[in-house]
Amino acid sequence: MIGFFVTLGISWLGTFVLQNVVKIEIISKLFDETVIKFFWIFYVGLYIAKFQDVILPVLKKYWFLLLTIAFIFFWTEWDLYAGYYVGWSLFLVAGLIGFAYRFPSLSVSPDISYGVFLYHMIIVNIFVTFGLTGIWIYVFPIIAITGFMAYLSTISIGKISGIKRDKISQVK
């Protein structure tokens, strides 16, 4: 917990100081791309993994409430910014993990999650570059294109590599 709060504080304070005291845009942008800014999120995952026997049953039971609270943070914008919005991120992650464990039969094959991780920001940045921002409807083509790219990557590069997700999960 100490690591979480220290890294969260560094992220928030670093952002605040660079934007309001230093005011050199390139330094602020460089800080935004470092692992330091987002390391607090690692601690969230670490905490959930370490105490999963206690945490997962709670997340499974209250996933809808957790997602509702996440969206309240999102809609009201009452949140602390530290790389991502803290309250929104914590409740969104908790709610999504709870949902995933509550409904494991909704798992899709092939698993495109790694492809989504790889391609989502590329697609988002293409939309930003072409000025396609500020309208929520753009979320749908971003999701569709990201899903398509992730699927193509999984069935081509993933198949060529010969690495299957079940083999990876067996390695401990």
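In what follows, the structure referred to is the one given above.
The notes below deal with the structure included here.

**A short note on the nonpolar core**
Formed by F4, L8, W40, V44, I48, I55, L56, L59, L66, A82, V86 and A94, the largest nonpolar core amounts to 12 residues. Contributions of two or more residues to this core are made by α1 (2-22), α3 (39-50), α4 (52-61) and α6 (86-102). Those residues in contact with V44 that lie beyond four places of it in its chain are F4 and L90.

**What about unusual backbone geometry?**
We note that K23 has phi near 55°; this positive angle belongs to a residue other than glycine. As for its placement among the helices and strands, K23 is situated in the loop between α1 and α2 (25-32). On the basis of relative accessibility, which here comes to 61%, the residue K23 falls in the exposed class. Its identity is not glycine, yet E77 carries a phi of approximately 60°, on the positive side. Along the polypeptide, E77 turns up in the loop between α5 (63-76) and β1 (81-82).

**Focus on the pattern of salt bridges**
In total, this model carries 2 salt bridges according to the counting rule given. Between E25 and K29 there is a salt bridge, with the nearest N and O atoms lying 3.2 Å from each other. Of this pair, E25 and K29 both sit in helix α2, 4 residues apart, roughly one helical turn. Taking relative accessible area as the criterion, E25 reaches 55% and is therefore assigned exposed. A relative accessible area of 47% places K29 in the partly exposed class.

**Quick word on α1**
What α1 keeps buried is the set G3, F4, T7, L8, S11, G14, T15 and L18. Within α1, the buried residues cover an arc of 140° as seen down the axis, which keeps them to one side. Summarising the geometry of α1, the exposed residues directed more than 90 degrees from the buried face are I2, F5 and V21. Against the buried residues of α1 lie α2, α3, β1 and α6. Downstream of α1 by a residue or two, K23 has a phi angle that is positive, lying close to 55°.

**Considerations on the packing of aromatic side chains**
Counted by the stated rule, this structure contains 17 aromatic pairs. Taking 5.6 Å as the distance between ring centres and 15° as the angle between the ring planes, the aromatic pair formed by W12 and F16 counts as stacked. Of the two residues, W12 and F16 are both situated in helix α1; the distance of 4 residues between them amounts to about one turn of the helix. Measuring from ring centre to ring centre gives 5.1 Å for F39 and F42, while their planes differ by 25°; the resulting arrangement is stacked. Of this pair, F39 and F42 both sit in helix α3, 3 residues apart, which is roughly one turn of the helix. Overall, F42 belongs to the partly exposed group, its relative accessible area being 48%.

The rules behind these values
- Residues numbered from 1 in each chain as written.
- Predicted model: local features only at pLDDT ≥ 70, side-chain atom pairs only at ≥ 80, totals over all residues.
- Heavy atoms only, no water.
- Core = buried A, V, L, I, M, F, W, Y, C linked by side-chain atoms within 4.5 Å.
- Buried < 20%, exposed > 50% of the residue type's maximum accessible area, 1.4 Å probe, protein only.
- Helix = DSSP H or I, 4+ residues; strand = E, 2+ residues; numbered from the N terminus.
- Contact = heavy atoms within 4.5 Å.
- Salt bridge = Lys/Arg side-chain N within 4 Å of Asp/Glu carboxyl O.
- Arc of directions from axis to C-beta.
- Phe/Tyr/Trp six-rings, centres within 6.5 Å; stacked < 30°, edge-to-face > 60°.

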